[in-house]
Amino acid sequence: MKTIRLSTSNSDIQQAAKLLCSGELVAFPTETVYGLGASILQPQAITAIYTVKGRAKDNPLIAHISDRSQLSLLTDEVSDMAHILMDAFFPGPLTIVFPKHPTLSPVVTSGLETIAVRMPSHPVAHALIAACRVPLVAPSANLSGHPSPTTAQHVLQDLDTRIAAVIDGGTCTVGIESTVLDITQNPIILRPGIITKEEIEHVIKTPVASIVGAIDTEAPVASPGMKYRHYAPNAPVVVLKSLPLLEEELQKNPYKQSMVITNQQLSPSLPVSFVRPLTEYDLYANFREANTLGVDRIYILLDSDIQKHVGLMNRIEKASQT
Ligand code: TXA
Ligand code: MG
């Protein structure tokens, strides 16, 4: 299949909506990462998402809406807390887990009784969903296990010829996936992101728990996606907390091609092939570049600010797990 490259023009967005409504898969930009969209009314397209990505069948998808009226297809239980959260954070990088509507296909939720919903703030995502007039289910538009795509080029690296089209909306501004918050019981963050626990607690005036730190591959999981290795480049990722530790590692392992991702100033005398900045905007792009360059090892040198960034640290930790 030829993957059509679409622009963000109105006519191209209409073409993408037509493809989606006829059961095709289209990748589109959101403020977090690119999504691989299918219409919620096309169960075969939703099944195809799993095949195309190589995604585990037990890992449910997020439904993306452009308007709160579309929630009625997804859930019939919108609590006061949900309204407060949506007032504060929709549209934006927060995904809320609701009890699922009884008529909603289990294909969307991998058989769970809940449905994850998000309203992207990206104008192209918004226009596309509005043109389809129904929610779009969309995981990140990468092959499972690979870093999420933050440009249309990244999408094509993984999915060219496997999907009908990609809309090129440039680089995503957030750069890591949305915060996933389950409010079907006591609120709990299932995946940290740019919207923090503290910001959510401030809005709902209720303590919020977090699953981070409690990942166990054997245990039953509330958010199935969290148990899989994610965001991983080809080379091993070694995380270090101080410059002397990095120097020691470099001496021990004189790799021909190394990439150091850090915000610290490094001495030019260090035997490092590539140095890249450490931000959520370009972490995944750096991982993909490391793959293209064929580096043997990636070092991530943290500083105290980065260590406070729960969402980014979660991605770094997952990428460094083997
Ligand atoms: O920023 C984002 O959320 C991006 C963009 C495209 O919107 N999407 C994204 O989708 O990251 P995906 O499929 O790569 O990750 C969805 C995460 C997975 O960890 C999945 O297990 C979890 O959300 N999830 C989905 N539905 C759930 C549910 N009903 N209950 C608990 N976790 C759920
Ligand atoms: Mg993903």
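Preceding this section is the structure that the text describes.
Basis of the calculations
Residues numbered from 1 in each chain as written. Chains lettered and ligands numbered in written order. Predicted model: local features only at pLDDT ≥ 70, side-chain atom pairs only at ≥ 80, totals over all residues. Heavy atoms only, no water. Helix = DSSP H or I, 4+ residues; strand = E, 2+ residues; numbered from the N terminus. Rg over C-alpha atoms; globule rule 2.2 N^0.38 Å. Contact = heavy atoms within 4.5 Å. Areas by Shrake-Rupley, 256 points an atom, 1.4 Å probe, with all protein chains shown as cover. Lys, Arg positive; Asp, Glu negative; His and termini not counted. Charge placed at Lys NZ, Arg CZ, Asp CG, Glu CD. 1 Å grid on protein atoms, 1.4 Å probe; cavity = no way out; pocket = protein on both sides within 12 Å on 5 of 7 lines; lining within 4 Å. Points joined across faces, edges and corners; volume = space filled by probe spheres on them. Nonpolar A, V, L, I, M, F, W, Y, C, P; charged D, E, K, R; others polar. Pairing = 2+ DSSP bridges. Axes fitted to C-alpha atoms, helices over the stretch in contact; angles between N-to-C directions. Core = buried A, V, L, I, M, F, W, Y, C linked by side-chain atoms within 4.5 Å. Buried < 20%, exposed > 50% of the residue type's maximum accessible area, 1.4 Å probe, protein only. Parallel < 35°, antiparallel > 145°, perpendicular 65-115°, else oblique. Polar contact = N/O pair within 3.5 Å; in protein donor to acceptor, adjacent residues only side chain to side chain.

Quick notes on the overall build of the chain
Assigned secondary structure in the chain consists of eleven helices and 15 strands. Its C-alpha atoms give the chain a radius of gyration of 20 Å, within 12% of the compact-globule value 20 Å for 322 residues. With the C-alpha coordinates of the chain rotated into their principal frame, the extents come out at 60 × 50 × 35 Å. A fraction of 67% describes how many contacts in the chain between residues 6 or more apart in sequence connect residues 24 or more apart. Carbon and sulfur atoms make up 53% of the accessible area of the chain, which amounts to about 13900 Å² in all. Across the chain, the 25 positively charged side chains and the 30 negatively charged ones have centroids separated by 5 Å.

With respect to the layout of surface pockets
As a volume, the second largest pocket reaches approximately 190 Å³. Lining the second largest pocket are 14 residues, and of these Thr-196, Lys-197, Glu-198, Val-310 and Gly-311 sit closest to its centre. Mapped onto the lining of the second largest pocket, the elements with two or more residues apiece are α7 (197-204) and α11 (310-320). Of the residues assigned to the lining of the second largest pocket, the class counts are five nonpolar, six polar and three charged.

Some points on the sheet that holds strand β13 (residues 258-262)
Ordered by their spatial adjacency, four strands build an open sheet running β12-β15-β13-β14, and the pairing between neighbours is parallel. If you trace the sheet from one side to the other, it starts and ends with β12 (237-240) and β14 (274-276), each paired once. Strand-to-strand twist in this sheet, taken as the mean axis angle between neighbours without regard to direction, amounts to 20 degrees. Across five bridges, the pairing between β13 and strand β15 (residues 297-301) is parallel.

Comments concerning the nonpolar core
Among the nonpolar cores identified, the biggest contains 65 residues, and Leu-85, Leu-128, Val-137 and Ile-200 are the most heavily contacted of them. Residue contacts for Ile-200: discarding those within four places in its chain leaves Leu-85, Phe-89, Leu-94, Thr-179, Leu-181, Ile-189, Ile-195 and Val-208.

Side note on unusual backbone geometry
In this structure, Pro-91 follows Phe-90 across a cis peptide bond, with omega equal to -10 degrees. On the secondary structure map, Pro-91 appears in the loop between α3 (80-89) and β5 (94-99). Positive phi outside glycine occurs at Thr-161, with the angle close to 75 degrees. Relative to the elements of secondary structure, Thr-161 occurs in the loop between α6 (152-159) and β8 (165-167).

Considerations on the packing of helix α9 (residues 283-293) against α11
Look at α9 against α11: their axes get within 11 Å of each other, and the N-to-C directions meet at 25 degrees. Considering their axes alone, α9 and α11 lie roughly parallel with respect to each other. Packed against α9, whose contacting residues are Leu-283, Tyr-284 and Phe-287, the element α11 presents Leu-312, Arg-315, Ile-316 and Ala-319 at the interface. By residue class, the composition of the contact of α9 with α11 is six nonpolar, no polar and one charged.

What about the side chain of Arg-315?
Checked against the element boundaries, Arg-315 lands in helix α11. Take Arg-315: its relative accessible area is 0%, and that puts it in the buried class. A polar contact of 2.9 Å, which involves the side chain of Arg-315, links it to the side chain of Glu-177. Engagement of the side chain of Arg-315 in a polar contact is seen with the backbone oxygen of Pro-192, the distance being 2.7 Å. Other than its neighbours up to four places away in sequence, Arg-315 contacts Ile-176, Glu-177, Ser-178, Arg-191, Pro-192, Tyr-231, Leu-283 and Tyr-284.

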